[in-house]
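Breakdown of the fold
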2 protein chains.
Amino acid sequence: MSNPEWRSVGNGHLEGPIPIPDLDPSKLTITLSESLKPIPEPESLIFGGTMSDHMLVASFDPVTGWSAPEIKPYGPFTLDPASSCFQYATNIFEGMKAYVGPDGTPRLFRPDKNMTRLARSAERVALPPFNSDALLELIKKLVVVDKKWIPNLEGHSLYMRPTIIGTRASLGVTASDHALLYVILSPTGPYFRTGPKPISLLATTQNVRAWPGGTGSHKLAGNYTSGFSPQRKAAKQGYDQLLWLLKDESGWKVTEAGAMNVFVVVGRDDGDIDLVTPPLDGTILPGVTRDSILAITNAHTAGKLTLPGIPPTKRIHTHERPFTIADMDRWLEQDKLQEMFAVGTAAVVAPVGRVGFQDEDDSKIRDLLLPSYEGGMGPVSWAVRKMIVDIQEGRFEWEGWSVRCE
Amino acid sequence: MSNPEWRSVGNGHLEGPIPIPDLDPSKLTITLSESLKPIPEPESLIFGGTMSDHMLVASFDPVTGWSAPEIKPYGPFTLDPASSCFQYATNIFEGMKAYVGPDGTPRLFRPDKNMTRLARSAERVALPPFNSDALLELIKKLVVVDKKWIPNLEGHSLYMRPTIIGTRASLGVTASDHALLYVILSPTGPYFRTGPKPISLLATTQNVRAWPGGTGSHKLAGNYTSGFSPQRKAAKQGYDQLLWLLKDESGWKVTEAGAMNVFVVVGRDDGDIDLVTPPLDGTILPGVTRDSILAITNAHTAGKLTLPGIPPTKRIHTHERPFTIADMDRWLEQDKLQEMFAVGTAAVVAPVGRVGFQDEDDSKIRDLLLPSYEGGMGPVSWAVRKMIVDIQEGRFEWEGWSVRCE
């Protein structure tokens, strides 16, 4: 029933019951496509709809370990209908982006965070382990091969989707001991083409994204499935995305917005501001953008950098703590709720203008209206977005976050 | 963002924004395999490991609707790496079985229940709807084509796996507007080859299968993923399966065992017995075997049938209500907990001999030991299993549950 277990120790072999090959960049083969696709105009890009010319692929077999990785023309996979990826959703992924810096070199943003999270996701669903440094090295090589697919325009990037799927071809309800690891690339434009526009969220009390003891803090394909039907209903009611809640004795806690982490900016009596985001209690995805925003805001308050448009003397106190819809109501009543925004790799920062909430025993949705700002974004939303994008695109160097692919 | 929505009304077209073709058995094409596989000896069968010669396939496109269904040689699918089934686990399935009756005719067991549940699952994950009567008709035709794959031995059957996967080839986080529906068949032997042997369950307080507002009452591929890693840990500690719990103010409620529903038999002061199973509150899969056991037990108590080995005067009171680990402790102390068993299509009935439980603040697992019986099964477990199998295999006619494929 239980597969043998291995551990990646970075010496080229997985340690386990029998030593088998780990993911090894020195074995990489590159086969270039003979029919390169036309690269679409940046203005015509729809998120995730266009794929680049090449992909990275490696497969895992419990007897022979990780295969020699390949960069080869983008193309379909051939899989048995009984495969674990179809039957038991043993599928995990990461969202990352490659940028072109002012020096023309492709850059990644804190890619080690994505590699660590992918390794954690693999462990959570009992997929085979892999050397995550090796995977990062291979991803850099793929980015160099498809470098011309990175749109060289501010706010544009090459979205990257490292994915691992279980390929065990049997209906037995057990972990997949076979896997396919692949990375595909999709050029993408800014989330808001015509400047930021606050999004609307419909808070759902009927559907729950994640719960204590669940898988919400890992990046599993199956975490996204439950949102599609409620998202469709929210769209029909005129909302852009869902606001996910989780009820406990404190009330309806805010957890995530669509597939993004969420922040609120709350004014304080002493003139400073609080920046609050739900804590990583196991129900929240530990987002790279979330972590980066906490870090640069703390750096601003510590005087290590200055967020654009925010006076160095303006202190922003970050808090990873729960807050509820009732807290938001109260802050709005007290005129303290200054901004709300959702964050993630795809959108970077999306300002929230409106939150619809319908209590269980109430048939009517009431809207919580956030303050509006000229240009669509509040000062903190704008500042953190600008700073993150400047670091991502290599215009501002910070803590080695922007990693060159050479 | 939101796909157009259709509704299957059984007239050959899906009703929606534009009428498009529904799943239509009259359009079926059959292509027989030119190289039939050897049929393994029944004794050598491992659950889900061997597939029959043919499969049923139909695909959905939002412009052209459901394709003409095909029965064709079992073989792999070719899918884009960006497909929704890999990225967002838009995958649902059913578990059913075909049996050979004494008259040599293949039979299905309450297949309408599986069709209804598959349609519910599709709706839950925003996959396209389909005419479920049409699908059943097509499944019957597939069973007739691969009839020789049904092992003609008591307790053996041809396990069937209707599956729908999302095939939208784009990374946008939204419902899949393309789909592939398929049915594959796998011959299977009895769960217990050498007679029933009570299984052991490790109750987990760290991992939670389903939550109010989650997807636990639907048959989604993603519902199974979270169990693989804890199942591996349970196996290492010497337990066969997990016992899933859900904590609320009443304590640690028992929900499911592995991928099965669960029952307990509790003695009453008046000499009757209570048969208790958790209620369908949204966290429990509405199992066909679960429903059938409740129905035949109620029929026994109402004098409409007699369960084998149970005196007609012995009243079994069925209850769909929560029970906790503390309830089990108390019943054991009072010598009232007579039997526990897990039920599902694959195993039919699996008696439970031992439940390991480790409270959150307790480092040691303590075992709750269920009474043991000669032959491995208590009288109620044995009786309901025997009755269900007799109905499935056509030896006992009951309420039209056994449906012939002709």
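Residue indices begin from 1 for each chain and proceed along its sequence in written order. Here the convention is simple: chains get letters from A, ligands get numbers from 1, in the order in which they are written. Residue-level local features of this predicted model are given only where pLDDT is at least 70; pairs of side-chain atoms are given and counted only at 80 or more, and the full residue set underlies all totals for whole chains, interfaces and linings. Here the side-chain values reflect all heavy atoms present in the structure, with hydrogen atoms and water set aside.

Threshold: UniProt positions are given in the numbering used here, feature names are shortened, and annotations may be inferred rather than shown by experiment.
By the naming in an unreviewed UniProt entry, chain A goes by Branched-chain-amino-acid aminotransferase and is assigned to Gymnopus androsaceus JB14. Under the Cofactor (unreviewed entry) heading, UniProt states for chain A: "pyridoxal 5'-phosphate". Taken verbatim from the UniProt record of chain A, the Sequence similarities (unreviewed entry) comment is "Belongs to the class-IV pyridoxal-phosphate-dependent aminotransferase family."

1. Digging into the interface of chain B and chain A
Note the cut-off: Contact criterion: two residues are considered in contact whenever any of their non-hydrogen atoms come within 4.5 Å of each other. By buried area we mean the combined loss of accessible area, with a 1.4 Å probe, across both parts when two parts are placed together. Any carboxyl oxygen of Asp or Glu within 4 Å of a side-chain nitrogen of Lys or Arg constitutes a salt bridge here. Pairs of N or O atoms are called polar contacts if they sit within 3.5 Å, as long as, within protein, a hydrogen donor faces a hydrogen acceptor (for residues adjacent in sequence, only side-chain-to-side-chain pairs). Counting from the N terminus, the helices are the DSSP runs of H or I reaching at least four residues and the strands are the DSSP runs of E reaching at least two. Note that Gly is not counted as nonpolar here; it falls among the polar residues with everything else outside the nonpolar set of Ala, Val, Leu, Ile, Met, Phe, Trp, Tyr, Cys and Pro and the charged set of Asp, Glu, Lys and Arg.
In this complex, chain B contributes 66 residues to the contact, which on the side of chain A involves 65 residues. The largest per-residue losses of area from chain B upon contact with chain A belong to Phe86, Phe228 and Arg232 of chain B, which jointly make up 15% of the total buried on that side. At the boundary of chain B and chain A, one finds 0 salt bridges. Viewed at the interface, chain A and chain B are joined by 31 residue pairs in polar contact (both at pLDDT 80 or more). It is helix α5 (residues 228-236) of chain B that provides the largest number of residues to the side of chain B that touches chain A, a total of 7 residues. Looking at side-chain class alone, the side of chain B that touches chain A contains 33 nonpolar, 25 polar and 8 charged residues.

2. Topic: the environment of Thr50 of chain B
Residue and element names in this part refer to chain B. What counts here: Under the scheme applied here, a residue whose accessible area is under 20% of the maximum for its type counts as buried, over 50% as exposed, and between as partly exposed, the area being computed with a 1.4 Å probe on protein chains only.
Residue placement: Thr50 occurs in the loop between β4 (29-30) and β5 (54-61). Its relative accessible area of 22% is what places Thr50 among the partly exposed residues. C-alpha separation for the pair Thr50 and Ala221, spaced 171 residues apart in sequence, amounts to 20 Å. The contacts of Thr50, once residues within four sequence positions are left out, are Pro40, Leu45, Trp149, Leu185, Ser186 and Pro187.

3. With respect to the domain arrangement of chain A
Residues and elements named next belong to chain A. To keep things clear, this is the line we draw: Segmentation into domains, and thus their bounds, comes from an automatic or database assignment.
Structurally, chain A comprises domain 1 (25-188) and domain 2 (199-390). Each of domain 1 and domain 2 was reduced to a C-alpha centroid, and the two centroids are 29 Å apart. The largest contributions to the domain 1 side of the interface with domain 2 come from Phe93, Arg117 and Arg124, which together make up 32% of the buried area. On inspection of domain 1 and its partner domain 2, the count reaches 2 salt bridges. Here Lys113 makes a salt bridge to Asp291, at a shortest N to O gap of 3.7 Å. Our count for the domain 1 to domain 2 interface comes out at 10 residue pairs in polar contact (both at pLDDT 80 or more). Mapped by element, the contributors of at least two residues to the side of domain 1 that touches domain 2 are β9 (91-93), β10 (96-100) and α2 (111-124). Broken down by element, the residue count for the side of domain 1 that touches domain 2 peaks at 6 residues, all from α2. Tallied by class, the residues present in the side of domain 1 that touches domain 2 amount to 7 nonpolar, 4 polar and 7 charged.

4. Section: the relation of the copies chain B and chain A
Put simply, the rule reads: Least-squares fitting of one copy onto the other uses the C-alpha atoms of those residues that reach a pLDDT of at least 70 in both copies.
If you rotate chain B by 180 degrees and push it 0.0 Å along the axis, it lands on chain A with an RMSD of 0.0 Å. Both chain copies can therefore be described as sitting about a two-fold axis. Same-surface contact between copies: 97% of interface residues of chain B are shared with the interface of chain A.

5. Description of the environment of Thr277 of chain B
All names here are of chain B. Along the chain, Thr277 turns up in strand β18 (residues 273-277). As for Thr277 and Val262, which are separated by 15 residues in sequence, their C-alpha atoms are 6.0 Å apart. Thr277 has contacts with Val262, Phe263, Arg290, Leu294, His319, Glu320, Arg321 and Phe323, leaving out every residue within four places of it along the chain. Among the polar contacts listed, one links the side chain of Thr277 to the backbone oxygen of Val262, at a separation of 2.6 Å.

6. A look at the pattern of salt bridges
For the structure on display, the rule yields 48 salt bridges over all chains. Note that Glu94 of chain A and Arg117 of chain A form a salt bridge whose closest N and O atoms lie 2.7 Å from each other. Within this pair, whereas Glu94 of chain A is found in the loop between β9 and β10, its partner Arg117 of chain A is found in helix α2, the two being separated by 23 residues in sequence. Judged on exposure class, the residue Glu94 of chain A and its partner Arg117 of chain A are both buried. The closest approach of N and O atoms between Arg110 of chain B and Asp291 of chain B, which form a salt bridge, is 2.8 Å. Here the residue Arg110 of chain B occupies a position in the loop between β11 (106-109) and α2 (111-124), and Asp291 of chain B occupies one in helix α6 (residues 288-301), the gap between them amounting to 181 residues.

7. Concerning the UniProt feature "modified residue: N6-(pyridoxal phosphate)lysine" (unreviewed entry) in chain A
All names here are of chain A. UniProt tags Lys219 as "modified residue: N6-(pyridoxal phosphate)lysine" (unreviewed entry). Residue placement: Lys219 occurs in the loop between β14 (199-204) and α4 (222-225). On the basis of relative accessibility, which here comes to 9%, the residue Lys219 falls in the buried class. For Lys219, the contacting residues outside a window of four places in its chain are Ile92, Phe93, Glu94, Gly95, Arg117, Ser121, Tyr224 and Leu285.

8. With respect to helix α5 (residues 228-236) of chain A
Given 3.6 residues to a turn, an α-helix orients residues that are three or four positions apart in the same direction. Three or more residues of α5 of chain A are buried, namely Phe228, Ser229, Pro230, Gln231, Arg232 and Ala234 of chain A. Looking at the buried positions of α5 of chain A, the neighbouring elements they touch are β14, α4 and β15 (241-248) of chain A together with α2 of chain B. Phi for Gly238 of chain A, located one or two positions after α5 of chain A, is positive at around 90 degrees.

9. Here we look at the pairing of strand β11 (residues 106-109) of chain A
Residues and elements named next belong to chain A. Operational definition: Here the rule is simple: two strands pair whenever DSSP picks up at least two bridges between them.
Here β11 shows a buried face lined by Pro106 and Leu108 and a second buried face lined by Arg107 and Phe109. Between the end of β10 and the start of β11, which pair antiparallel, lie 5 residues, with Gly104 showing a positive phi angle near 85 degrees. Looking at chain direction, β11 and strand β23 (residues 402-404) are connected through 3 bridges and run antiparallel. Bridge pairing in β23 places Phe109 opposite Ser402.

10. With respect to the environment of Arg290 of chain B
All names here are of chain B. Secondary-structure assignment places Arg290 in helix α6. Taking the C-alpha atoms as reference, Arg290 lies 9.3 Å from Val348; in sequence the two are 58 residues apart. Here Arg290 is in contact with Asn261, Phe263, Thr277, Pro278, Pro279, Leu280, Leu285, Glu320 and Val343, once residues within four sequence places are set aside. Polar side-chain contacts of Arg290 include one of 2.7 Å to the side chain of Glu320.

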